[in-house]
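# A look at the structure
Residue strings, one per chain:
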Amino acid sequence: NTDGKDLLIYGKKFGNIFLGVQPTFGYEGDPMRLLFAKSASPHHGFAAFYTYLEFIFKADCMLHFGTHGSLEFMPGKQVGMSGSCYPDRLITVLPNLY
């Protein structure tokens, strides 16, 4: 999610629609690391991606589609999410359509 200098947000704008690709879920050499972690936190790429959507692109809502997005598999809380869980903290107030 970086070129060594800047954080990269992968996606393309189509007018007022941004079609983006969620950041990789783990770390280099261990792409699924966060899937099973119970106490780890999401890496900077996730924070940058969702911050971009809300504050730079100024999205009105998000639509996740595909097999599964990785947002709902954030560490330690795969079901019964609350406002203090990483997925809700990352998307803050944006409606999240699934």
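Residues numbered from 1 in each chain as written. Predicted model: local features only at pLDDT ≥ 70, side-chain atom pairs only at ≥ 80, totals over all residues. Heavy atoms only, no water.

## Quick notes on the overall build of the chain
Each helix and strand counted, the chain has three helices and four strands in total. Counting helices and strands in the order they occur from the N terminus, the chain gives β-β-α-α-β-α-β. Here the chain, with 98 residues, has 33% of them falling under the buried criterion. When contacts within the chain are restricted to residue pairs at least 6 apart in sequence, long-range pairs at least 24 apart make up 57% of them. By element, 60% of the accessible surface of the chain is carried by carbon and sulfur atoms, the whole surface being about 6600 Å². (Helix = DSSP H or I, 4+ residues; strand = E, 2+ residues; numbered from the N terminus. Buried < 20%, exposed > 50% of the residue type's maximum accessible area, 1.4 Å probe, protein only. Contact = heavy atoms within 4.5 Å. Areas by Shrake-Rupley, 256 points an atom, 1.4 Å probe, with all protein chains shown as cover.)

## Structural notes on empty space enclosed by the protein
All told, the structure shown has one cavity of 30 Å³ or more when counted by the stated rule. A volume near 40 Å³ is recorded for the largest cavity. For the largest cavity, the full set of lining residues is Asn1, Leu8, Ile9, Tyr10, Val21, Pro23, Gly45 and Phe49. Taken together, the residues of the lining of the largest cavity sort by class into six nonpolar, two polar and no charged. (1 Å grid on protein atoms, 1.4 Å probe; cavity = no way out; pocket = protein on both sides within 12 Å on 5 of 7 lines; lining within 4 Å. Points joined across faces, edges and corners; volume = space filled by probe spheres on them. Nonpolar A, V, L, I, M, F, W, Y, C, P; charged D, E, K, R; others polar.)

## Considering the pairing of strand β1 (residues 11-14)
Bridge count for β1 against strand β2 (residues 17-20) is four bridges, and the pairing is antiparallel. When the sheet's bridge partners are listed, phenylalanine 14 is paired in β2 with isoleucine 17. Where β1 hands over to β2, the hairpin turn is made up of two residues, of which glycine 15 adopts a positive phi near 65°. (Pairing = 2+ DSSP bridges.)

## Remarks on the confidence of the model for the chain
Of the residues in the chain, 72% reach a pLDDT of 70 or more, and the chain-wide mean stands at 78. Averaged pLDDT values for the elements of the chain fall to 65 in helix α1 (residues 33-36) and rise to 94 in β1. (pLDDT = per-residue confidence, 0-100.)

## Overview of the nonpolar core
Among the nonpolar cores identified, the biggest contains 13 residues, and Phe18, Tyr50, Leu53 and Met62 are the most heavily contacted of them. Of all the secondary-structure elements, those providing two or more residues to this core are α2 (44-56) and α3 (86-91). Per element, the largest residue contribution to this core is five residues, and it comes from α2. Apart from residues no more than four positions distant in its own chain, phenylalanine 18 is found in contact with Ile9, Tyr10, Gly11, Lys12, Lys13, Phe49, Tyr52, Leu53 and Phe57. (Core = buried A, V, L, I, M, F, W, Y, C linked by side-chain atoms within 4.5 Å.)

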